[in-house]
Amino acid sequence: MRVPISWLKDYIDLTLPIEELAERMTLAGLEVGAIEHIGAKWDREKIFVGEIVEVRRHPDADRLTIAVVEYGTGEPMAVVTGAPNIRVGDKGQKVPFATRGSRLIDGHSEELRYFTLKPSKIRGVRSEGMVCSEKELGISDDHEGIMILEDDAPTGVPLQDYMGDTVLELDLTPNLARCFSMVGVAREVAALSSQKCRLGEWPQLSERIGKPSLPWVELEIADPDLCPRYTAALVRDVQIGSSPPWLQRRLTLAGMRPINNIVDVTNYVMLEWGQPLHAFDYDLLRDRDGVTPPSGVPVIIVRRARRAELMTTLDGVGRALSEDTLLITDGGGPVAIAGVMGGLESEVAEKTTNVLIESANFNNISIRRTSQALKIPSEAAARFGRGVPPQLTMIAVERSARLMQELAGGTIEEGIADAYPVRPEVKVVDLTAKEVERILGIALDTEQIVSILESLEFECQVEGGVIRATVPHYRLDVSIPADLIEEVARVYGYDRLPTTLMDDELPPQQRDYSLEGEERVRDILVGCGLTEAITYSLSNLESFAKLDPGGAPPDPADYVKLSNPLTTEREYMRRTLMASLLEAVRDNLRYTERVALFEIGRIYLPQPGQELPDEPRRLAIAMTGPRDRRSWRTEEQRYVDFYDLKGVVETLLDRLGLTAQSFAPVEHPTFRSGGAATIEVADVEIGVFGEVDPKVRTSFDLPAQPVALLELDLEELLAQVEPVRYHRPISRFPAVSQDMSLVVDEHVPAQQLEDLIRRAGGELLVEVTLFDVYRGEPIPPGKKSLAYSLTYRHAEKTLTDRQVAKVHARIAKRLEKEIGARLRE
Amino acid sequence: MVEKVQMLKEEAMQALQAASNLPELDDWRVKYLGRKGGAVTQLLRSIPELPAEERPAFGQAANELKGFLQERYEARHAELSRPTVEMTEAIDVTLPGRPVNLGRLHLTIQTLREMYAIFGQMGFQVEEWPEVETDLLNFELLNMPPHHPARDMWDTFYVNPKVVLRTHTSPGQIRSMRKHCSDPIRIILPGKCYRYEAVTARSEFMFYQVEGLAVGRRITLADLKGTMVDFARQMFGADREVRFRCSYFPFTEPSVEVDMDCIICGGEGCRVCKHTGWVEICGAGMVHPQVLSNGGYDPDVYSGFAFGMGPERVAMLKHDIDDIRYFYSNDLRFLKQFG
Ligand SMILES: [Zn+2]
């Protein structure tokens with residue numbers, strides 16, 4: 001909503017500087033998004049109101065003329081112009097006149113380009129000034145001709161003084177429907193500055209409120225649920241033409257384009273009062289028999305559209321209508337889409353002489369739906385969509401009829417037709433000072449509250465401490481005490497509200513182990529050198545498909561799919577974090593060679609028979625590139641591989657106290673064959689990790705180097721974690737370490753070997769560390785050598801060499817027996 | 001006689017300190033603890049020769065000494081067994097240290113943790129609710145029936161006409177109220193939200209929000225102001241000022257925007273605050289009576305406040321970040337700047 005200050009002053013005196021007023025309005029909920037100073041760039045020394053004293057032919061060019069302009073110096077200046085709206089012989093028009101050195105906007109340029117006016121020779125004639133178009137002055141985009149000012153504009157006065165203005169650009173929240181008009185804004189400013197508005201300074205016609213049928217029109221509302229009121233006036237014998245400059249200027253400042261005096265009046269009154277209006281060419285309306293010109297009385301029927309009913313709107317577009325569209329029809333068919341756009345057929349045009357003004361009230365939701373469905377975001381629909389009180393139709397129809405008569409001549413036909421099947425109830429809301437204090441925390445007395453509400457035109461009666469406030473008709477947003485409390489708070493001033501701390505009972509405090517667990521996992525992984533990423537939850541099936549090259553494409557039914565995605569890139573909610581994390585790795589490899597990321601986030605799993613999907617948390621890790629950053633102390637650049645990631649997994653499980661962990665090889669389409677493992681904790685499989693398959697790598701544009709990737713079910717992981725870990729006593733007695741090198745078949749997994757060692761070692765064996773894996777001479781082919789350091793300790797005594805040797809031998813023997821392991825010399 | 005034990009202990013301890021390698025230590029062991037001629041062994045053997053009344057005390061002292069020396073021996077043995085690594089090369093202290101591979105928490109998570117800590121001190125606990133939400137909870141129970149004009153304030157991703165990606169964390173107000181009804185409530189609800197918006201420097205289609213909700217028998221708008229002042233000062237510095245600006249949300253009444261004096265310019269006016277001296281930190285208000293009632297609380301008895309805050313916005317103000325797109329593009333050059 002654009003509010004020109006010069007217009008606002010019609011209704012109210014401004015007692016504050018504009019900036020301060022804007023701040024007050026913003027604090028009270030009418031957010032001033034911008035303050036635009038019109039004409040601030042018009043140099044007061046160089047641009048004036050000029051008067052054309054003579055227009056001559058240009059000696060050398062048919063399309064140019066020479067205008068002689070007086071601008072207060074007594075020495076009129078001759079300038080060359082190509083403007084089509086002044087002709088040879090014209091005299092007396094008032095125009096904006098710029099002299100040398102003025103900064104103006106290039107009228108011929110598409111983009112905003114300023115230039116400084118210099119004296120020039122145009123086709124041999126010297127020109128030292130310029131008569132300006134609206135575009136050159138930055139008022140609008142109009143460069144059709146020069147701007148013509150009011151006849152009474154004072155010649156020689158700086159243009160800025162004459163028509164400089166300030167426009168407040170309001171960002172209105174949906175509850176402020178009432179401020180979608182100059183009068184509405186004026187009422188607010190009045191309440192904020194303790195004044196009253198000056199409204200309604202024209203003779204009232206409403207004494208002659210009519211019935212639905214008058215001799216000149218018959219109104220019928222077939223669907224009163226969508227149209228509570230329809231009011232119409234008739235102005236005969238109008239002369240269609242341009243509106244006067246003041247009206248055009250106001251429309252332009254408010255952001256609307258002037259069209260002709262009749263349409264401009266409907267727009268002007270809409271901007272003033274917030275009531276959208278429509279003007280029909282009365283002579284094109286048909287009677288009940290569908291005849292035009294009518295043999296009987298023209299009829300207007302407001303009804304829902306019939307299935308697949310067609311009409312052509314003002315913009316020339318043919319539209320197929322649905323049954324929930326509300327139409328204005330006459331005896332012959334649709335003439336307008338109610339509250340959204342008029343029809344082409346009955347449009348007011350140059351030849352129109354009789355105008356029927358429609359001032360109606362429509363259901364806001366119906367208008368919103370129609371406007372959205374047809375994608376017609378008109379000014380009228382915007383206002384109806386937020387809600388307009390039905391009381392306004394009469395005020396607006398009177399105001400517009402008067403203005404048309406004034407600006408376009410003609411006479412107002414006797415009476416106003418008014419069909420008003422649904423009348424709103426008068427709302428009365430009760431409020432007490434105690435309730436105000438309960439919600440706001442400030443003790444105001446009843447008189448203070450009443451005086452605030454009265455400044456907002458609520459009529460208040462106090463009965464036994466209860467304020468009974470009658471809600472003004474235009475306050476569609478007020479219906480309960482809390483609404484009144486807000487009015488009290490914002491007019492009283494939020495800045496005067498005290499600052500207190502809750503003294504209410506503290507709720508029982510409970511720990512959320514699930515969230516704490518998640519945060520712990522984060523800390524552990526950061527400690528492992530991983531950086532946390534957060535990727536988009538929305539992606540596409542192609543991206544998920546890359547994780548399974550050669551597999552069946554993902555089934556859309558398995559996914560939460562958006563019905564209105566922004567792009568097809570972001571259409572499906574993910575079921576895995578792996579794809580988006582690999583994409584993050586790829587993006588980072590453009591700038592850095594070492595990437596180690598993790599993400600904790602939800603996945604979205606539709607469940608049959610359930611309205612909402614499950615949203616379990618997952619953990620993903622991706623690592624690639626050199627293991628260490630390059631440095632003078634890094635001996636050898638090695639690439640991250642499976643075992644780096646496994647180290648992270650083991651650290652994570654260990655720190656969470658999950659000792660019952662095991663890993664088993666697995667074939668998985670995302671990982672290279674023989675390069676992946678499942679993770680089991682307490683016999684529950686919680687995830688998978690490994691080195692990414694080269695085909696997958698390529699499809700994600702990742703380089704040919706190992707990329708270690710993991711995804712695990714965080715819910716399962718955290719479910720295994722015990723909230724408390726118990727102390728195990730540390731033995732005071734010395735430990736003894738002995739090495740054991742074993743030669744086994746290649747296919748024997750290390751875990752199996754270690755499990756056997758531990759089982760054979762029993763209680764005395766407290767630590768098993770694998771410190772070497774070797775293949776090659778002198779180990780025979782198909783075999784490998786694994787070297788362990790075994791640590792023995794007794795909880796209660798010092799072990800003797802003989803005891804240790806006995807256990808050590810027992811282990812070796814058991815290994816030989818069970819898997820044919822031989823001790824290596 | 002007990003003095004004799006004490007003297008032996010002192011002598012043995014001195015000798016133990018003097019033993020500087022394993023062979024010397026072994027000699028020491030033979031001398032004092034040796035099974036045949038060791039001094040302690042001899043001491044123990046002399047017990048039967050003592051008068052009967054002295055035996056218990058002497059015996060106990062001698063046995064204690066044996067245990068003590070045994071323990072010291074093992075400790076010294078472990079000490080001397082350790083390989084020695086002596087650095088002799090001269091050190092250029094200006095050479096850089098060995099790199100440590102460091103990870104970082106995401107800035108959003110760091111900010112959330114700060115928020116949890118600050119609100120936690122005020123008794124707010126964390127709760128989480130679904131991101132894929134019903135239209136009923138996301139809109140209708142928050143006073144926005146279908147086609148309500150206020151729905152324009154949230155551009156919405158739909159899964160189907162009844163299911164949306166939550167546009168804010170506010171549906172959690174209803175969920176939490178229904179869970180805790182009719183206990184007093186102080187909770188914060190963090191999580192991802194989604195809006196059908198083109199991605200620009202100022203808006204993302206996916207972002208985090210932290211909803212705050214306090215419900216009780218004596219909760220006022222002035223309490224909300226106190227809570228916001230407290231938050232602003234702990235998060236952004238002790239001399240921050242907070243103001244309320246009248247606003248509109250269908251589920252709070254009264255509704256306010258919470259502004260804080262600009263931390264960049266201190267209120268003078270700059271690019272960040274659009275030359276107003278104030279920056280918006282959250283939307284808030286008193287829980288609408290209908291919403292309290294939808295949550296199961298009698299609005300005539302209970303009152304409450306709610307607020308919705310963007311951790312990205314908080315982080316952007318705090319760290320002077322001018323583009324929200326940095327957050328979820330996961331560029332390490334960005335992520336590694338914080339924490
Ligand atoms: Zn600033």
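Check the entry above for the structure.
The rules behind the values
Residues numbered from 1 in each chain as written. Chains lettered and ligands numbered in written order. Predicted model: local features only at pLDDT ≥ 70, side-chain atom pairs only at ≥ 80, totals over all residues. Heavy atoms only, no water. Buried < 20%, exposed > 50% of the residue type's maximum accessible area, 1.4 Å probe, protein only. Helix = DSSP H or I, 4+ residues; strand = E, 2+ residues; numbered from the N terminus. Pairing = 2+ DSSP bridges. Contact = heavy atoms within 4.5 Å. Buried area = accessible area lost by both parts, 1.4 Å probe. Salt bridge = Lys/Arg side-chain N within 4 Å of Asp/Glu carboxyl O. Polar contact = N/O pair within 3.5 Å; in protein donor to acceptor, adjacent residues only side chain to side chain. Nonpolar A, V, L, I, M, F, W, Y, C, P; charged D, E, K, R; others polar. Axes fitted to C-alpha atoms, helices over the stretch in contact; angles between N-to-C directions. Parallel < 35°, antiparallel > 145°, perpendicular 65-115°, else oblique. 1 Å grid on protein atoms, 1.4 Å probe; cavity = no way out; pocket = protein on both sides within 12 Å on 5 of 7 lines; lining within 4 Å. Points joined across faces, edges and corners; volume = space filled by probe spheres on them. Domains from an automatic or database assignment. Donors = N, O, S within 2.8 Å, 3.2 Å for Na, K, Ca; no water. Tetrahedral: all angles 85-135°; square planar, octahedral: opposite > 155°, others 65-115°.

Please give an account of the pairing of strand S23 (residues 355-361) of chain A that cites residues and values.
All names here are of chain A. Across the seven residues of S23, seven count as buried, placing the element largely inside the fold. A two-sided burial pattern is seen for S23, the buried positions comprising Val-355, Ile-357, Ser-359 and Asn-361 on one face and Leu-356, Glu-358 and Ala-360 on the other. Here strand S15 (residues 229-236) pairs with S23 via seven bridges, running antiparallel. From the neighbouring strand, Tyr-230 faces S23, where its bridge partner is Ala-360. Of the strand pairs in this sheet, strand S16 (residues 278-281) and S23 are connected by four bridges, and their pairing is antiparallel. If you follow Ala-279 over to S23, its bridge partner there is Ile-357.

Go over the interface of chain B and chain A, please, and point to the residues and values.
By a frequent convention, interface size equals the accessible area lost on bringing the separate parts together. Listed by partner, the interface residues are 96 residues for chain B and 93 residues for chain A. Both faces combined, the contact of chain B with chain A buries some 8,100 Å², and carbon together with sulfur accounts for 55% of it. Linking chain B to chain A there are eight salt bridges. For Glu-71 of chain B, the salt bridge is made with Arg-732 of chain A, and the minimal N-O distance between the two is 3.3 Å. Summed over the shared surface of chain B and chain A, the number is 50 residue pairs in polar contact (both at pLDDT 80 or more). Broken down by class, the residue content of the side of chain B that touches chain A amounts to 51 nonpolar, 19 polar and 26 charged.

Please give an account of the packing of helix H12 (residues 446-455) of chain A against helix H13 (residues 481-492) of chain A that cites residues and values.
Residue and element names in this part refer to chain A. Put simply, H12 and H13 touch, their axes get as near as 9 Å, and they point 90 degrees apart. As the angle between them shows, H12 and H13 are arranged roughly perpendicular. Judged by residue contacts, Gln-448, Ile-449, Ile-452, Leu-453 and Ser-455 of H12 engage Leu-484, Glu-487, Val-488, Val-491 and Tyr-492 from H13. Considered class by class, the residues forming the contact of H12 with H13 number seven nonpolar, two polar and one charged.

Can you explain empty space enclosed by the protein? Please cite residues and give values.
All names here are of chain A. Under the criterion given, the structure shown has two cavities of 30 Å³ or more. In terms of lining, the largest cavity is formed by 13 residues, of which the most central are Arg-187, Ser-455, Leu-456, Glu-457 and Tyr-474. A per-element tally of the lining of the largest cavity places helix H5 (residues 182-192) first, with four residues. When residues of the lining of the largest cavity are assigned to domains, at least three fall in each of domain 1 (2-39 + 167-199) and domain 4 (428-496). Put simply, the second largest cavity is a space of about 40 Å³. The wall of the second largest cavity is formed by Asp-13, Leu-14, Thr-15, Leu-16, Leu-21, Val-189, Ser-193 and Gln-195. For the lining of the second largest cavity, the class distribution of residues is four nonpolar, three polar and one charged.

Mind laying out the pairing of strand S7 (residues 242-249) of chain B, listing which residues take part and the relevant values?
Residues and elements named next belong to chain B. Burial analysis of S7 places eight of its eight residues in the buried class, the great majority of the element. In the sheet, S7 pairs with strand S8 (residues 252-261) via seven bridges, with the strands oriented antiparallel. Bridge pairing in S8 places Phe-249 opposite Thr-252. Joining the antiparallel neighbours S7 and S8 is a turn of two residues.

Any details on the environment of Val-640 of chain A? Residues and values, ideally.
All names here are of chain A. Following the sequence through the fold, Val-640 ends up in the loop between strand S33 (617-624) and helix H17 (642-655). Residue Val-640 is classed as buried on the basis of its relative accessible area, which comes to 4%. Along the primary structure Val-640 and Leu-234 are separated by 406 residues, whereas in three dimensions their C-alpha atoms are 85 Å apart. When residues no more than four places from it in sequence are discounted, the contact partners of Val-640 are Met-623, Thr-624, Gly-625, Pro-626, Arg-627, Pro-706 and Ala-708.

For the sheet that holds strand S20 (residues 326-330) of chain A, give the residues involved together with the corresponding values.
All names here are of chain A. Taking strand neighbours across the sheet as the criterion, the six strands line up as S13-S14-S17-S20-S21-S22 in an open arrangement whose pairing is mixed. Of all strands in the sheet, those bounded by a partner on one side alone are strand S13 (213-214) and strand S22 (341-342). Pairing of strand S21 (residues 333-337) with S22, which is carried by two bridges, proceeds in the antiparallel orientation. Bridge pairing links Ile-337 to Met-341 in S22.

Explain helix H11 (residues 433-440) of chain A to me, using residue names and the numbers behind them.
Every buried residue belonging to H11 of chain A is among Ala-433, Val-436, Arg-438, Ile-439 and Leu-440 of chain A, and all of these are buried. Backbone geometry just after H11 of chain A places Gly-441 of chain A at a positive phi near 80 degrees.

Lay out the coordination of the zinc ion with the relevant residues and their values.
Four donors placed tetrahedrally around a metal ideally meet at 109.5 degrees, and six donors placed octahedrally ideally meet at 90 or 180 degrees. Residues and elements named next belong to chain B. For the zinc ion, the full set of protein donor atoms is Cys-262 (SG), Cys-265 (SG), Cys-270 (SG) and Cys-273 (SG), at a range of 2.2 to 2.3 Å. One way to put it: the four donor atoms around the zinc ion meet at angles of 103 to 113 degrees, and that makes the site tetrahedral. Counting residues between consecutive donors of the zinc ion along the chain gives the motif C-x2-C-x4-C-x2-C. Assessed through its relative accessible area of 0%, Cys-262 is described here as buried.

Please give an account of the pattern of salt bridges that cites residues and values.
Residue and element names in this part refer to chain A. Applying the stated criterion across every chain, the model contains 75 salt bridges over all chains. The partner of Glu-457 in a salt bridge is Arg-187, with the nearest N and O atoms 3.5 Å apart. Of this pair, Glu-457 sits in the loop between H12 and strand S27 (459-463) while Arg-187 sits in helix H5; the two residues are 270 residues apart in sequence, bridging distant segments of the chain. Under the relative-accessibility criterion, Glu-457 is labelled partly exposed at 34%. Arg-187 sits in the buried class, given a relative accessible area of 15%. Residue Glu-413 pairs with Arg-236 through a salt bridge whose shortest N-O separation is 2.5 Å. Here Glu-413 is found in the loop between strand S24 (411-412) and strand S25 (417-419), whereas its partner Arg-236 is found in strand S15, with 177 residues between them in sequence.

Without other data, these values stay purely geometric and don't point to any function.
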